[in-house]
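Summary of the model geometry
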Amino acid sequence: MAVIPFVYFIRIKLYDKYVNGIDLDAMEVELNELKAKRSKLQVQKKKDLDTPTPDTVEYRSLSEWIDAKLSTGNIELIFRQFQNNLRDWMHLKF
């Protein structure tokens, strides 16, 4: 009785590896590489956050702000969003 679970466990490992192509060791190596890459990115982000940012702020005049808000592309986008919201509310198909 004690030998049967052990033999079955070995059978499952071999079947997964050679028939299904599931290699747990290769998955573990790949997972460790991804973790190392992720930790490296987090360290890089932390370094980027520690760098000082410039204290200057660009200001736009009122006319520049109005030109940006009321440009043709922005007005078209606003009307498209309104049309999509109206269509969703009324369940219409255009």
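Above this text you will find the structure in question.
Residue positions within a chain follow its written sequence, with the count starting from 1. For a predicted model such as this one, the threshold for reporting local features is a pLDDT of at least 70, and the threshold for listing and counting side-chain atom pairs is 80 or more; totals across whole chains, interfaces and linings nevertheless cover every residue. Note that the side-chain values use all heavy atoms of the structure and ignore hydrogens as well as water.

**Thoughts on the overall build of the protein chain**
The criterion, for reference: Helical segments are the DSSP runs of H or I of at least four residues, strand segments are the runs of E of at least two, and each set is numbered from the N terminus. The cut-offs for exposure are 20% and 50% of the maximum accessible area for each residue type, with area from a 1.4 Å probe on protein chains only; residues under the lower value are buried, those over the upper are exposed, and the others partly exposed. Values of accessible area rely on a 1.4 Å probe in the Shrake-Rupley scheme; residue burial ignores everything except the protein chains shown.
Of the regular secondary structure elements, the protein chain holds four helices and zero strands. Ordered by position from the N terminus, the helices and strands of the protein chain form the series α-α-α-α. The proportion of buried residues among the 94 residues of the protein chain is 0%. Here the protein chain has roughly 9,600 Å² of accessible surface; of this, 62% comes from carbon and sulfur atoms.

**A short note on the pattern of salt bridges**
The test is simple: Here a salt bridge means any side-chain nitrogen of Lys or Arg lying within 4 Å of a carboxyl oxygen belonging to Asp or Glu.
Going through the model one piece at a time under the given rule, you end up with one salt bridge. The shortest N-O distance in the salt bridge between glutamate 76 and arginine 80 comes to 2.4 Å. Of this pair, glutamate 76 and arginine 80 both sit in helix H4 (residues 72–90), four residues apart, which is roughly one turn of the helix.

**Here's the deal with the packing of aromatic side chains**
Convention followed: The criterion for an aromatic pair is that two Phe, Tyr or Trp rings (for Trp, the six-membered ring) have centres within 6.5 Å, with stacked assigned to planes under 30 degrees apart, edge-to-face to planes over 60 apart and tilted to the rest. Working rule: Lys NZ or Arg CZ, within 6 Å of ring centre, within 35 degrees of ring normal, means a charge sits over the ring.
Under the criterion given, the structure shown has zero aromatic pairs. Note that arginine 11 overlies the ring of tyrosine 15, its terminal NZ or CZ placed 5.5 Å from the centroid.

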